[in-house]
Amino acid sequence: MIEIKNLSKTFVTPDNTVEALKNINLSVNDGEIYGIIGMSGAGKSTLVRCINMLEKPTSGTVIVNGVDLGSLSDRELRKERSKITMIFQGFNLLMQRNCLKNICFPLEIAGVKKAEAKKRAEELLEIVGLPDKAKNYPAQLSGGQQQRIAIARALATEPKVLLCDEATSALDPNTTAQILDLIRDINKRLGITVIVITHQMSVVESICERVAIMDNGEVAEEGKVSEIFSHPKSLVAKRLVFPDSAETAELAGDEKLIRIIFNGHNSSARPLIAEMALKEGITANICYASTKTISGDLYGNMIIGIPNDEETVKRAMAFLKEENVTAEEV
């Protein structure tokens, strides 16, 4: 388990002082895929660098598998850090080494014998689906292939934790999906705990079990992905989950906006808006919708505009509640 307790990080420069992290408290279970999401400047990359002590926290503790990393000597920390590896947006491969030797590099540093390192690297090339690229150089690979090699290199020392700092941000959607599938497979096959740092809600939705949403160096909201996606509470979570709400509000005119949230539970692809018009006599304008149907259940959200008078809004909300649908005024 990873336990982050009362973690703060302050950067002091000649010109000013920046509180990058403010009293962060999080826990990540063994074998979990955990997401940390936020906009640029939210503090998520600083947080992940504090987890492996590349950045020393100003205060607070990071405990990984019962070991307080902040209490270790430099030598002890280097040993523990081999169990907490990292992949990045920019791949960070050594361009003068071929793929096999890139994967062998951390093993060489650890003093592993050459033959043993080569065997381990070949096994990892199989795991990431590139057994035929051993002699290729990074420049000869696509971005997705380079990230696969970076993942293989990160797994070389048999880590317990894999940190992914915007690991798919430089990739196209199709390649992103393939890399996320690979990370999910590695998590299940090897039992590695994965922490995913991203600004993309689609990445969190696709792969993570729980998520922390960061804003201005603090955790604004934390919990199961399904719960936060279906009913975000904090302002920053709503902006991330419903990014089109602001534009929709500007286009709404005099209408009252209501957001309907479909979370798959008690939600089906039936004509809900038409039923409201027939039963309650309330006509609604669909201003925005982002939904998908999975096995007959509906996921996503819809923003409707209805006449802006108190009685109509009250009847519309009562109808939606009676239909077991989550709704809120925008």
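Our structure is the block above this text.
One structure accompanies this document, and this report is about it. All of these numbers come straight from a predicted model, not from anything done at the bench. (Residues numbered from 1 in each chain as written. Predicted model: local features only at pLDDT ≥ 70, side-chain atom pairs only at ≥ 80, totals over all residues. Heavy atoms only, no water.)

1. Side note on the packing of helix α3 (residues 99-109) against helix α5 (residues 143-155)
Link 1 in the chain: The geometry of α3 relative to α5 is characterised by a closest axis approach of 7 Å and an angle of 30° between their N-to-C directions. It follows that α3 is roughly parallel to α5 by the angle criterion. Where α3 crosses over α5, the handedness of that crossing is right-handed. Every residue of α5 that contacts α3 at C99, N102, I103 and P106 is listed here: I149, A152 and R153. (Axes fitted to C-alpha atoms, helices over the stretch in contact; angles between N-to-C directions. Helix = DSSP H or I, 4+ residues; strand = E, 2+ residues; numbered from the N terminus. Parallel < 35°, antiparallel > 145°, perpendicular 65-115°, else oblique. Left-handed = near helix turned anticlockwise from the far one by under 90°. Contact = heavy atoms within 4.5 Å.)

2. Things to note about unusual backbone geometry
Negative phi values dominate among residues other than glycine, just as trans dominates among peptide bonds.
Link 1 in the chain: Unlike most non-glycine residues, E158 shows phi in positive territory, near 55°.
Link 2 in the chain: Secondary-structure assignment places E158 in the loop between α5 and β7 (161-165).
Link 3 in the chain: By relative accessible area, E158 is classed as exposed at 56%.
Link 4 in the chain: In this structure, N324 is a non-glycine residue whose phi angle is positive, near 65°.
Link 5 in the chain: In this fold, N324 is placed in the loop between α12 (310-322) and β14 (326-329). (Buried < 20%, exposed > 50% of the residue type's maximum accessible area, 1.4 Å probe, protein only.)

3. A word on the environment of F242
Link 1 in the chain: Following the sequence through the fold, F242 ends up in the loop between α9 (235-241) and α10 (245-251).
Link 2 in the chain: Linking F242 and L180, residues 62 residues apart in sequence, is a C-alpha distance of 23 Å.

4. Some points on the environment of A318
Link 1 in the chain: Counting through the fold element by element, A318 comes out in helix α12.
Link 2 in the chain: The class for A318 is partly exposed, based on a relative accessible area of 43%.
Link 3 in the chain: A318 sits 208 residues away from A110 along the chain, and the two C-alpha atoms are 65 Å apart.

5. Structural notes on the sheet that holds strand β2 (residues 17-28)
Link 1 in the chain: Spatial ordering of the open sheet is given by β2-β1-β4-β5, a layout of 4 strands whose pairing is antiparallel. One side of each edge strand has no neighbouring strand; the edge strands of this open sheet are β2 and β5 (67-68).
Link 2 in the chain: Bridge count for strand β1 (residues 2-12) against strand β4 (residues 59-64) is 5 bridges, and the pairing is antiparallel. Looking at the pairing, S8 lines up with S59 of β4.
Link 3 in the chain: Those strands touched by helix α1 (residues 44-51) are β1, β2 and β4, and its axis lies near 120° from that of β1. (Pairing = 2+ DSSP bridges.)

6. Quick look at the nonpolar core
Link 1 in the chain: Counting residues in hydrophobic clusters, the biggest one holds 54 residues, and the most contacted among them are I87, I103, I149, I151, V194 and I207.
Link 2 in the chain: No other element matches the 6 residues that α5 contributes to this core.
Link 3 in the chain: When sequence neighbours within four positions are dropped, the list of residues in contact with I151 reads I87, V128, I179, L182, I183 and I186.
Link 4 in the chain: Judged by nonpolar contacts, the second largest core, of 27 residues, contains L21, I24, I51 and L163. (Core = buried A, V, L, I, M, F, W, Y, C linked by side-chain atoms within 4.5 Å.)

7. Topic: helix α6 (residues 173-190)
Link 1 in the chain: Given a rise of 1.5 Å per residue, 18 residues ought to cover 26 Å, and the 25 Å separating the end C-alpha atoms of α6 matches this to within 8%.
Link 2 in the chain: Against the buried residues of α6 lie β3 (33-37), α4 (114-127), α5, β7, β8 (193-198) and α7 (201-207).
Link 3 in the chain: Near the N-terminus of α6, the side chain that reaches the backbone nitrogen of N174, with its oxygen 3.0 Å away, is that of D172.
Link 4 in the chain: Positioned one or two residues after α6, G191 has a phi angle of 70°, which is positive. (Expected span 1.5 Å × (residues − 1). Polar contact = N/O pair within 3.5 Å; in protein donor to acceptor, adjacent residues only side chain to side chain.)

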